[in-house]
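Descriptive structure summary
One letter stands for each residue in the lines below.
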Amino acid sequence: MTRYSRRTLLKASAAFAGASAIGFPSIVSGQTEKIKIGHLTPLTGFLGALGAYAQLGIRMAEEEINAAGGVMGRQIDITSEDSVNPATAATKAQRMLDQDGVAVLMGEINSASALTIMQVAERNKKLYMQIGARSDALRGKNCNKYTFHVDIPSTVMVNAVGKALVRGNMMKDKKFYTLTADYIFGHDLARAAKSFFDANGGKLIGDELVATDVTDFSPYLLKIRQSKPDVVCSNLAGNQVTNLIKQYAEFGLPYPIVGFNLNTADAWAAGDGNLSGTWPTVWYHTSDVPASKTFVANFTKKNGKPPENHAWIEYVSLKMVAQAMNETKSTDTDKLIAYFERETQFDILKGRKGYFRSWDHQLMQEAYPFTVKAKGQAKDKWDTLDLGVAIPGPDESLETIALTKAQNPCSM
């Protein structure tokens, strides 16, 4: 054997030994490395209080899934960040895909930010579980095959409260004055509200666009006093609602106020005796469903307070993603999309299971109206609301309150 060939053989042997010591275990560890998920939600600004609950909910689901053995024997690793605004949300989503190697994008509450994340997901052909943004346009003209929507959209919220108003003789021939959040979600909500008024005999006599950073509502309340409506309606979002409700009570206006959007954290922040009327919700912690009660008890024990609806929805969303990965034995985007599009049913801690419609990727589920307890009746600051009966009723299709194909311009 020549010196050259002997040296070559020794190098090859060393390389093989290195592969035995380093390379093979790295393959094994590659099979068990964590499944990374990128999570974005607003932690600052007018939706920050909701985002704080969103983080608590998804973290609790992450801990439970990992404690039970993870997904496909692998632990889940959530990277969670403040989405801040639409441009920042898109930048962070792209970075999570490029640098963090996340398999799935999840989260958001702000509809404008959700839209930019949807565009990132479509461009990169990655699954995005859009959890908390409610604009009809996201699952309508802006829909794409890579995005699935969990929260109830604008039209469903309007229908849930509108049907309650019709039952209470508070719609036909009544004059409505609305205040609308001046961004994509508020505009969608206002359109859905006007359609419901027109179809059910209500009369819209005024609508004011309100910037998301407005805190003083006195100019709008003075206009309402001058207009003398029968009903005032809020199409606002986040702490806009809290500020409006407090100031509405201070002004002592005699007109009943209702709303087509309210998150329970904002209702709690309004204080006892300030909130009134009928509002919509996707879930509430007093639900009598046994699985929901267990979730509430565990969350309350862990965090010292009951879960708000964004904690619940983030919790069930991660559980649905984990179920899809376990059942498909994959994190592959196309396989996960196919699994959801089969209209697989999921336990979402409600009386009826939910499923994603194949053609617009919207989760079909029950919604609820709620009313407000009279001042002094609440046992604590989280006991201010009375949950109404589920809509649709038990004998109706879940799709009766959702947009139909004819009404929804979604095309994938």
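As a reminder, the structure under discussion sits directly above these lines.
Treat the numbers as computed from the prediction; the structure is a model and nothing was measured.

Rules used throughout
Residues numbered from 1 in each chain as written. Predicted model: local features only at pLDDT ≥ 70, side-chain atom pairs only at ≥ 80, totals over all residues. Heavy atoms only, no water. Pairing = 2+ DSSP bridges. Helix = DSSP H or I, 4+ residues; strand = E, 2+ residues; numbered from the N terminus. Phe/Tyr/Trp six-rings, centres within 6.5 Å; stacked < 30°, edge-to-face > 60°. Buried < 20%, exposed > 50% of the residue type's maximum accessible area, 1.4 Å probe, protein only. Lys NZ or Arg CZ within 6 Å of the ring centre and 35° of its normal. Disulfide = S-S within 2.5 Å. 1 Å grid on protein atoms, 1.4 Å probe; cavity = no way out; pocket = protein on both sides within 12 Å on 5 of 7 lines; lining within 4 Å. Points joined across faces, edges and corners; volume = space filled by probe spheres on them. Nonpolar A, V, L, I, M, F, W, Y, C, P; charged D, E, K, R; others polar.

1. A closer look at the pairing of strand β13 (residues 368-372)
Bridge analysis of strand β10 (residues 278-281) against β13 gives four bridges, and the strand direction is antiparallel. Paired with P280 across the bridge in β13 is P369. Note: β13 against strand β14 (residues 385-387), three bridges, orientation antiparallel. In the sheet register, V372 faces β14, and the bridge partner there is L385.

2. A closer look at the packing of aromatic side chains
Given two aromatic rings, their pairing is described by the distance between the two centres and the angle made by the two planes. Under the criterion given, the structure shown has 17 aromatic pairs. Ring centres of F197 and F260 lie 6.2 Å apart, and the angle between their planes is 45°; on these two criteria the pair is classed as tilted. Taken as a pair, F197 in helix α6 (residues 184-200) and F260 in the loop between β9 (257-259) and α9 (264-270) lie far apart in primary sequence, 63 residues in all. Measuring from centroid to centroid gives 6.2 Å for F346 and F356, while their planes differ by 75°, and the two rings are edge-to-face. Separated by ten residues along the polypeptide, F346 in the loop between α12 (333-341) and β11 (355-356) and F356 in strand β11 bring together distant segments of the chain. Taking relative accessible area as the criterion, F346 reaches 1% and is therefore assigned buried. The exposure class assigned to F356 is buried, which follows from its relative accessible area of 0%. Ring pairing ties together the aromatic residues F148, Y339, F340, F346 and F356, which thus form one cluster. Of note, K305 hangs over the ring of Y53, and the distance from its end group to the ring centre comes to 4.5 Å.

3. Section: the state of the cysteines
For the structure on display, the rule yields one disulfide. Residue C143 pairs covalently with C410 via a disulfide, S to S 2.2 Å. Disulfide C143-C410: the torsion about the S-S bond is 95°, which places it as right-handed. Taken together, the positions of C143 in the loop between β4 (127-130) and β5 (147-149) and C410 in the segment after β14 put the pair 267 residues apart, joining distant regions of the chain. Owing to a relative accessible area of 12%, C410 belongs among the buried residues under this scheme.

4. Some points on empty space enclosed by the protein
Evaluation of the coordinates by the stated rule reveals four cavities of 30 Å³ or more. Of the volumes computed, that of the largest cavity is approximately 80 Å³. Taken together, 14 residues form the lining of the largest cavity, with I109, R134, Y183, F185 and N263 sitting closest to its centre. The class makeup of the residues in the lining of the largest cavity is seven nonpolar, six polar and one charged. Taken as a whole, the second largest cavity encloses approximately 50 Å³ of empty space.

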